[in-house]
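Architecture at a glance
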Amino acid sequence: MAPAYINSEIFIILKIDIFISANFFIALVLVYMSTPENNKKQADRIADTVEGSRQILILYGSQTGCAQDLAERIGREARRRHFKTRVSAMDTYDKGNLINEKLVIFICSTTGQGEEPDNMKKFWKFLLRKNLPKDILNQLNFTVFGLGDSSYLRYNWPAKKLHKRLLQLGAQSIYQRGEGDDQHYLGYDGGFDPWLVDTADTKPDESQLFDQEMSAHVLKNERVTSHDHFQDVRHIELRCEDAALMYKPGDVVVVRPKNLKEEVDEFVKMMEWSSIADDPFILIPNQEDRQIPSSWEKILTLRKLFQNYLDIFSTPRRSFFEFLSFFTSDNDHTEKLREFCTAEGQDDLYAYNQRVRRTITEFSISSSLKLYPQNIHLTVAIVDYKTRLQNPRRGVCTKWLANLKPESEIMIKIAKGTMRLPASSTLPVILIGPGTGIAVMRAFLQERVLQGAKDNYLFFGCRYHDKDYLYNTEWDHYVSEGQLELFTAFSRDQDEKIYVQDLIEQNAQLIWDIVHERQGYVYLSGKADKMPIDVINALKSVFKLAGGMDEQKANEYFNKLEKSRRFQQECY
């Protein structure tokens, strides 16, 4: 059968995993209509920009797709209002044309320890050129919205730096910079909607380390927590024969997950598409800024699309309900779906629909390439939880990983991580890795041991010694060989809960000696909940207890450690 040619817009409703609702352009009108006389000049500037050419550019820097989803959402809103709209990753945009742009919205996320996303790095480097005139962007009107996680010290750092640099180059900010916080109970929505409302009410003045995708085969996929433990953690070993395989301790693997075949078959049957699910077709973009990903097959079927490329089992985002409202025949349904997409309807939305959780496709490599040539080890916690209505939810990527059998083939990329070992192996390191945060610490330790380093101090925490003590035989071996000093906290093995931060304070003098007297490095990895802040506060307590510092001096000392990269963290 010859493939049919289908406009890609038809399938936009199928891409459920779309982010954040935004009505930026209604806000523009509200600003103009409600601005008092002393702010009319700025409102007129906005109006002139909009009416002059009706062109708008949305540039995004995105690591996991959230910023891209938001940028595309704003792009759709613009097109509905008859703007000529372009949406592009910052690094794929022709930077030399920025001096000709009139109105640009920048959306950028945060990765690692306050670093810009991979597909923003070249653009940011360009803006930092010292030979750029200070008025080179004086024709540019802009606003910036940042996506970050307030559990990190450098919260929304790229957005803040971008906003400041654009002002330095003469650009005019027409909206206050906005911040979305993943720690908010509504996720990034909780920051975006108030930013939009406040704007009206207050009258405001993919490049990876290796872009090449590689094939890898599964060697081992075994559970390393006890079967009576609530958390299923997998140790996965991959073999990659590609000559391009190269990584350092601290780097991460990006995997391209698939939906399970039996679940896709069930979905196709439920949608009553069984008769057409295997008919071939070719997707043709109808807009120049909406290209088909290069990794997609040229000739597709619905079954291939659902199994290999679309996240059809994820929790629907707000945009999905907006799309759905255009396809309902019941007026009450349409009204309720549109209400879900408003700021006022958020409580009802999240009472009905569980808050979207991030889809993780990047995992810290838990092995040293020098110790395991052509191999990659991963330590993965399988996402499995229940909604408020007790409906089971499983992570798309980790569910797929958990079902991989030996010899299964998967596609991967290697991406540069944010943490690096010190250049000299003679410097001591403190490794703090509770739970699956131990993954990158295992890679660090394997590399350090191969280098002959013995000043290694590991702080590991979990719930039970006998249920989720990951890689304990390896740590015991290193200890017996004099290559590691180990500190463990099993929070549920006694009446009083003990965590890694408690061990840090209990060993204050040792840690002060390592960090201050011997100029050691401190690394932290694990869940980005309360743990990172608690560990950092414990380190500051060490500086006060063993270093004799007051609160201010302890904070300044920690900031110096971070600035010199003697403290590094990667939490998720």
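Anyway, here's the lowdown on the structure attached to this text.

Each value, and the rule that gives it
Residues numbered from 1 in each chain as written. Predicted model: local features only at pLDDT ≥ 70, side-chain atom pairs only at ≥ 80, totals over all residues. Heavy atoms only, no water. Pairing = 2+ DSSP bridges. Helix = DSSP H or I, 4+ residues; strand = E, 2+ residues; numbered from the N terminus. Axes fitted to C-alpha atoms, helices over the stretch in contact; angles between N-to-C directions. Expected span 1.5 Å × (residues − 1). Contact = heavy atoms within 4.5 Å. Polar contact = N/O pair within 3.5 Å; in protein donor to acceptor, adjacent residues only side chain to side chain. Phe/Tyr/Trp six-rings, centres within 6.5 Å; stacked < 30°, edge-to-face > 60°. Buried < 20%, exposed > 50% of the residue type's maximum accessible area, 1.4 Å probe, protein only. Lys NZ or Arg CZ within 6 Å of the ring centre and 35° of its normal. Core = buried A, V, L, I, M, F, W, Y, C linked by side-chain atoms within 4.5 Å.

1. Let's talk about the sheet that holds strand E10 (residues 252-255)
- Ordered by their spatial adjacency, six strands build an open sheet running E12-E10-E16-E8-E9-E13, and the pairing between neighbours is antiparallel. The open sheet terminates on both sides in strands that have one partner only, identified here as strand E12 (362-364) and strand E13 (375-381). Ignoring strand direction, the axes of neighbouring strands in this sheet form an average angle of 40°.
- Bridge count for strand E9 (residues 233-239) against E13 is seven bridges, and the pairing is antiparallel. Its bridge partner lying in E13, isoleucine 236 is registered against leucine 378.

2. Overview of the sheet that holds strand E19 (residues 485-490)
- With parallel pairing, the five strands of this open sheet are ordered in space as E19-E18-E17-E20-E21. Of all the strands in the sheet, just E19 and strand E21 (567-571) have a single pairing partner and so form its edges. Between one strand axis and the next, the sheet turns by 10° as a mean value, whatever way the strands run.
- Note: strand E20 (residues 521-526) against E21, five bridges, orientation parallel. The residue bridging glycine 526 from the neighbouring strand is cysteine 571, located in E21.

3. Description of helix H18 (residues 551-563)
- Taking 1.5 Å of rise per residue, 13 residues should cover 18 Å, and H18 covers 18 Å from first to last C-alpha, within 8% of that figure.
- Looking at the buried residues of H18, the elements they touch are helix H16 (508-517), helix H17 (531-545) and E21.
- The N-capping residue of H18, defined by a side-chain oxygen 3.3 Å from the backbone nitrogen of glutamine 552, is aspartate 550.
- A positive phi of about 65° marks arginine 565, the residue just after H18.

4. Things to note about the packing of aromatic side chains
- Tallied over the entire structure, the rule returns 19 aromatic pairs.
- Aromatic side chains phenylalanine 267 and phenylalanine 306 sit 5.1 Å apart centroid to centroid with 90° between the ring planes, which places their arrangement in the edge-to-face category. Here phenylalanine 267, found in helix H7 (residues 261-270), pairs with phenylalanine 306, found in helix H8 (residues 302-308); they are 39 residues apart in sequence, far enough to count as distant. Side by side, phenylalanine 267 and phenylalanine 306 carry an identical accessibility label, which is buried.
- With centroids separated by 6.3 Å and ring planes inclined at 15°, the aromatic side chains of tyrosine 521 and tyrosine 523 adopt a geometry described as stacked. As far as burial versus exposure is concerned, tyrosine 521 and tyrosine 523 are alike and both buried.
- Each member of the aromatic cluster is reached from another via a ring pair, and the members are Phe106, Phe123 and Phe142.
- Between arginine 338 and the ring centre of phenylalanine 326, over which it is positioned, the NZ or CZ distance is 5.4 Å.

5. Some words on helix H5 (residues 157-168)
- Given a rise of 1.5 Å per residue, 12 residues ought to cover 16 Å, and the 17 Å separating the end C-alpha atoms of H5 matches this to within 8%.
- Three or more residues of H5 are buried, namely Pro158, Ala159, Leu162, His163, Arg165 and Leu166.
- Two residues or fewer after H5 comes glycine 170, characterised by a positive phi angle close to 95°.

6. Focus on the side chain of glutamate 237
- Relative to the assigned elements, glutamate 237 resides in strand E9.
- A relative accessible area of 14% means that glutamate 237 is categorised as buried.
- A polar atom in the side chain of glutamate 237 sits 2.8 Å from the side chain of histidine 235.
- In this structure, glutamate 237 is in contact with His217, Val218, Leu219, Lys220, Ile376 and His377, ignoring residues within four places of it in sequence.

7. With respect to the pairing of strand E8 (residues 214-223)
- Where E8 meets strand E16 (residues 409-415), four bridges bridge the pair, whose relative direction is antiparallel. Of the residues in E16, the one forming a bridge with methionine 214 is isoleucine 412.
- Note that E8 and E9 share six bridges and pair antiparallel. Each bridged residue has a counterpart across the sheet, and for arginine 223 the counterpart in E9 is arginine 234.

8. Topic: the nonpolar core
- In this structure, Ile430, Ile432, Ile504, Leu539 and Phe543 are the most contacted members of the largest nonpolar core, which totals 32 residues.
- Considering every element that reaches this core, the biggest residue donor is H17, with seven residues.
- Setting aside anything within four residues of it in sequence, one finds isoleucine 432 in contact with Met441, Phe459, Val500, Ile504, Val522, Tyr523, Leu524, Ser525 and Val535.
- Within the second largest apolar cluster, 25 residues are counted, among which are Val218, Ile382, Cys397 and Leu404.

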